[in-house]
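Listed here are the chains, written in short residue letters.
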Amino acid sequence: MKRLSVQDAAFLQAESIECPMHIASVQVFDLPKKYEARRDFVPKLMQRFGKATPSAPFNLKLHADWSKLDVWPSWVEEPNVDLDYHVRFVALPTPGDTNQLMRLVERLHEPLLDRSKPLWELYFIDGLEGNRLAIYFKTHHAMIDGVAGMAMIAKSLSLTKSSTGDIHPIWQLPERKKQPTESEGLFATWRHSAEEALTQINSIGKLTGDFLRKEINALAKGHLPSLGRSQAPKTPFNVPIKRHRHLSVFSLPLARTKEIAKDFDGTVNDVVLAISGAAIRRYLQDNNKLPTKPVLASCPVSVRAANADQSGNNISIFIATTGTDIENPVERLKAITHWANKEKRKIANMSTAAAQNYATIFGLSAMLPQMVGAGDIAMPPSNVVISNVPGPRQPLYLGDAKLVGIYPVSVLIDYQGFNITVLSREDSLDFGLIAAHEAINDLTKFTGFMQAAFEELDAASNELLENEIARVSAKAKARKASAQAQTRRNAAPSTRGGKKPSVGARPGTGKKPLTR
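The present account deals with the structure reproduced in this document. (Residues numbered from 1 in each chain as written. Predicted model: local features only at pLDDT ≥ 70, side-chain atom pairs only at ≥ 80, totals over all residues. Heavy atoms only, no water.)

**Things to note about the sheet that holds strand E5 (residues 87–91)**
Within the open sheet, the six strands sit side by side as E5-E6-E7-E2-E13-E12. Their pairing is mixed. Since the sheet does not close on itself, it has two edges, and those belong to E5 and strand E12 (397–398), each with one partner. Two strands pair when backbone bridges link them, and strand E6 (residues 120–128) and strand E7 (residues 132–140) are joined in this way by seven bridges, in the antiparallel orientation. Following the sheet pairing, leucine 128 is matched in E7 by arginine 132. Helix H6 (residues 146–156) rests against strand E2 (22–30), E7 and strand E13 (401–409) of the sheet, and its axis sits at about 30° to E2. (Pairing = 2+ DSSP bridges. Helix = DSSP H or I, 4+ residues; strand = E, 2+ residues; numbered from the N terminus. Contact = heavy atoms within 4.5 Å. Axes fitted to C-alpha atoms, helices over the stretch in contact; angles between N-to-C directions.)

And the structure:
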């Protein structure tokens, strides 16, 4: 039995029918030509999986015993996981395009996961155009975060193409370490719980002290204290939401994005924020809803150690401007980079526990107004969520099918009805946009705005390069002209130490002057 952390349990408490707290991904694979006519890739894949008994965390379910006042949720092992329930197969009708896939995933993403069972579902989706297969993989956010989920997906795939032999499905990944004995487990659980409680108390005390010092400093400088008030402006994204979701996906080249970021002294995440801000600005302008203050984004960041267990949540968060108050794309990117660097330094100076608690308190502050019925008068700390999840840099395969896309599908909450998450993979940035119907009813137009914003930065980067080439070329030409002039001066005849012209000679000839 393993108790949930404060951060993991918060995702359970925040869940409602209108706001499910599961995250998902849509993986797309190119199938070999031999499957194009017979369409038997999935049955053969399941045969290769064999009797794959789920391993942790996919064999764990929630437990709480009210009769013993054991009300804090824990994970307990489910010995009889019904794979026929958790693993499902569906097919799209012809033509099986991206639009049909998104409409299906919208429906699959709406229902809550059954808390009496392990909190995950996986759908094989056949019938995609271009001889492709999709996998929709859905897990509760209390079980894993996006970074851990991506690590598990990468671990379940192979670096080489293989059409024979056993392979491990994602629900049966190799164990990381030996399980302790019962007595060791009880002692370790007690010790870990005590240590975690002490760590949580210390980190929350530090966060509270830092907040109070900030408020006192504001008073000392003659400013009104913030009292935790949101600096985010009111936008159409910040409304009560229902279950209906809209999804849209697209991809951008990672290598070119890195070049753009480097040209303007930023990061890939800064470029993602900049094109998101440009699209938000254009969307709100078109709807006459653009605020004078910049739209703010919550940006989750992983604080998980490199070799840590890939379960539960290890995330913090920072607020970033999206630069919607700036028209020029380059100036917007520079403003975002400056703001983000300042916020990241705050997270870097926190302990892991403090950074996690900061994110938890931040999330609660986002949900508190709607919980007390004050959502229409008290804004959440940010308007949207924009997240960047690192993925594998090498080609991956599911058997003999090549992975060609992983599109994230995230969570939404009341008064924060829009999320942009991007996952980096090989040389691609795969974007997954999700919005509540009440916040945005046409995400396809929005993705078009984001792609146009990327083209603007691409053009600005090219112009910067062309200007630099012109500057270097002009400098090289100037140096060449200077060298040539020096060469001509060196080659010109000199009068020093040479034969003197005859007296009265015409200048420069050495001849006698003409006489009349």
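**Observations concerning the packing of aromatic side chains**
Here the structure, examined in full by the defined rule, presents 11 aromatic pairs. Where phenylalanine 58 meets tryptophan 120, the ring centres are 5.5 Å apart and the plane angle is 75°; that geometry is what we call edge-to-face. Placement of the pair is phenylalanine 58 in the loop between helix H3 (41–49) and strand E3 (60–65) and tryptophan 120 in strand E6, with a sequence separation of 62 residues. The exposure class assigned to phenylalanine 58 is buried, which follows from its relative accessible area of 1%. In this structure an aromatic cluster arises from ring pairing among Phe49, Phe58, Trp120, Phe137 and Trp171. The ring of tryptophan 339 has lysine 342 sitting right over it, with the charged end atom 5.6 Å from the ring centre. (Phe/Tyr/Trp six-rings, centres within 6.5 Å; stacked < 30°, edge-to-face > 60°. Buried < 20%, exposed > 50% of the residue type's maximum accessible area, 1.4 Å probe, protein only. Lys NZ or Arg CZ within 6 Å of the ring centre and 35° of its normal.)

**Things to note about the pattern of salt bridges**
Going through the model one piece at a time under the given rule, you end up with 16 salt bridges. Salt-bridge contacts for arginine 88 lead to glutamate 121; the nearest nitrogen and oxygen are separated by 3.6 Å. On the criterion of sequence distance, the pair formed by arginine 88 in strand E5 and glutamate 121 in strand E6 is long-range, its members being 33 residues apart. Residue classification places arginine 88 among the partly exposed residues on the basis of a relative accessible area of 25%. Residue classification places glutamate 121 among the buried positions, given a relative accessible area of 6%. We note a salt bridge from arginine 471 to glutamate 468, for which the minimum N-O separation is 2.7 Å. Highlighted residues: arginine 471 and glutamate 468, both in helix H12 (residues 443–491), separated by three residues, approximately one helical turn. On the basis of relative accessibility, which here comes to 36%, the residue glutamate 468 falls in the partly exposed class. Connected through shared salt-bridge partners, Lys402, Arg425, Glu426 and Asp430 make up one network. (Salt bridge = Lys/Arg side-chain N within 4 Å of Asp/Glu carboxyl O.)

**Some details on the packing of helix H9 (residues 268–286) against H12**
Axis separation between H9 and H12 bottoms out at 8 Å; the angle between their running directions is 125°. Taken together, the axes of H9 and H12 lie oblique to each other. In the crossing of H9 with H12, the sense of the turn from one axis to the other is right-handed. Residues Val271, Ala274, Ile275, Ser276, Ala278, Ala279, Ile280, Arg282, Tyr283 and Asp286 of H9 form the contact with H12, whose participating residues are Phe446, Phe449, Met450, Ala452, Ala453, Phe454 and Leu457. (Parallel < 35°, antiparallel > 145°, perpendicular 65-115°, else oblique. Left-handed = near helix turned anticlockwise from the far one by under 90°.)

**Quick word on the nonpolar core**
Formed by 68 residues in total, the largest nonpolar core has its most connected members in Val26, Phe41, Leu101, Leu122, Phe124, Ile125 and Trp171. Those residues in contact with leucine 101, other than ones at most four positions away along the chain, are Val26, Leu92, Ile125, Leu128 and Ala134. By size, the runner-up hydrophobic cluster in this structure holds 46 residues, among which are Phe418, Leu443, Phe446 and Ala460. (Core = buried A, V, L, I, M, F, W, Y, C linked by side-chain atoms within 4.5 Å.)

**Some details on unusual backbone geometry**
Leaving glycine out, the prevailing phi sign among residues is negative, and the prevailing peptide bond configuration is trans. Of the consecutive residues alanine 56 and proline 57, the connecting peptide bond is found in the cis state with omega at 5°. Its place among the elements puts proline 57 in the loop between H3 and E3. Notably, asparagine 131 is not glycine yet its phi reads approximately 55°, a positive angle. Here the phi dihedral of glutamate 426 falls at roughly 50°; this positive angle occurs in a residue that is not glycine.

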